[in-house]
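# Overview (structure and organization)
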Amino acid sequence: DQQVKQNSPSLSVQEGRISILNCDYTNSMFDYFLWYKKYPAEGPTFLISISSIKDKNEDGRFTVFLNKSAKHLSLHIVPSQPGDSAVYFCAASGGSSNTGKLIFGQGTTLQVKP
Amino acid sequence: GAGVSQSPSNKVTEKGKDVELRCDPISGHTALYWYRQSLGQGLEFLIYFQGNSAPDKSGLPSDRFSAERTGGSVSTLTIQRTQQEDSAVYLCASSLTPQGTNTGELFFGEGSRLTVL
């Protein structure tokens, strides 16, 4: 059962434009959400997070939006830069069955073209 | 260094052999996780250690997989009688998470790439 889903395996955008990466979840008990970025041959690195008590969190060029009623979150990157090209993973935690652990989505590969 | 360290970085083994993968978490981090990423797949949760609590083994795919964490620090993931479908990158992560709170930021190692021939 895939509790966290990233339905777009890849996304290509032009440098300077906005990148929007989407993530859906099924477990209504999730209360904390994170985005990680992964370059080839490296471990994932934390990018940005949001608690379920908020609907938006912004950090520089990165903004995460949370829609609890739709069980959907998205990551906006604006303006996109070629160095943003990487695999982006959405992750969630919360609920008695998931105490302490993160459940990750399948990842979306972002390519930012110069 | 100060990050999560994993060894070996690459391991090629024959089907049926046992393998051990090692993880050195960041000093002081109470939580330690093992995930794996198979080719073209996402990060699959395997096992989670938090302090002195019993580990959450709910993600281990079969009884051929086991893990231990000695002294609340170093962890070893053991795969017995390896199969070709075990081929993946095995990622270890740690976090500074007090027991009972939500998971905070995870710090990942670079992973151990396992290839089973």
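Our subject is the structure that appears above.
## Some thoughts on the pairing of strand β11 (residues 108-113) of chain A
All names here are of chain A. Of the two faces of β11, only one is covered, namely that formed by Thr108, Leu110 and Val112; the face formed by Thr109, Gln111 and Lys113 stays uncovered. Pairing analysis gives 5 bridges linking strand β2 (residues 10-14) to β11, with the strands arranged parallel. Bridging from a neighbouring strand, Gln14 pairs with Lys113 of β11. Summarising the sheet, strand β9 (residues 86-93) and β11 pair through 3 bridges and their orientation is antiparallel. When the sheet's bridge partners are listed, Val87 is paired in β11 with Thr109.

## Some remarks on the sheet that holds strand β6 (residues 56-59) of chain A
All names here are of chain A. The strand order across the open sheet built from 5 strands is β1-β3-β8-β7-β6, with neighbouring strands paired in antiparallel fashion. Strand pairing shows two members of the sheet lacking a second neighbour, β1 (4-5) and β6, which therefore form its edges. Note: strand β3 (residues 19-25) against strand β8 (residues 72-77), 6 bridges, orientation antiparallel. Across the sheet, residue Ser19 finds its bridge partner in β8, namely Ile77.

## What to know about the environment of Pro9(A)
Residues and elements named next belong to chain A. With respect to the secondary-structure elements, Pro9 resides in the loop between β1 and β2. Classification of Pro9 by relative accessible area gives exposed; the value is 59%. With 12 residues separating them along the chain, Pro9 and Leu21 place their C-alpha atoms 9.9 Å apart. Dropping the residues within four chain positions of it, Pro9 is found in contact with Gly107, Thr108 and Thr109.

## Topic: the pattern of salt bridges
Two side chains carrying opposite charge are able to pair once their charged atoms lie near each other. All names here are of chain B. With the rule as written, the count across this model stands at 5 salt bridges over all chains. Ionic pairing is found between Arg22 and Asp24, a salt bridge with its closest N-O pair at 3.1 Å. Using a relative accessible area of 39% as the deciding quantity, one classes Arg22 as partly exposed. Residue Arg64 pairs with Asp86 through a salt bridge whose shortest N-O separation is 2.8 Å. Of this pair, Arg64 sits in the loop between β5 (43-50) and β6 (65-69) while Asp86 sits in the loop between β7 (75-79) and β8 (88-95), placing them 22 residues apart in sequence. Taken individually, Arg64 and Asp86 each receive the classification buried, so the pair is uniform in this respect.

Reading the values: rules and limits
Residues numbered from 1 in each chain as written. Chains lettered and ligands numbered in written order. Predicted model: local features only at pLDDT ≥ 70, side-chain atom pairs only at ≥ 80, totals over all residues. Heavy atoms only, no water. Buried < 20%, exposed > 50% of the residue type's maximum accessible area, 1.4 Å probe, protein only. Helix = DSSP H or I, 4+ residues; strand = E, 2+ residues; numbered from the N terminus. Pairing = 2+ DSSP bridges. Contact = heavy atoms within 4.5 Å. Salt bridge = Lys/Arg side-chain N within 4 Å of Asp/Glu carboxyl O.

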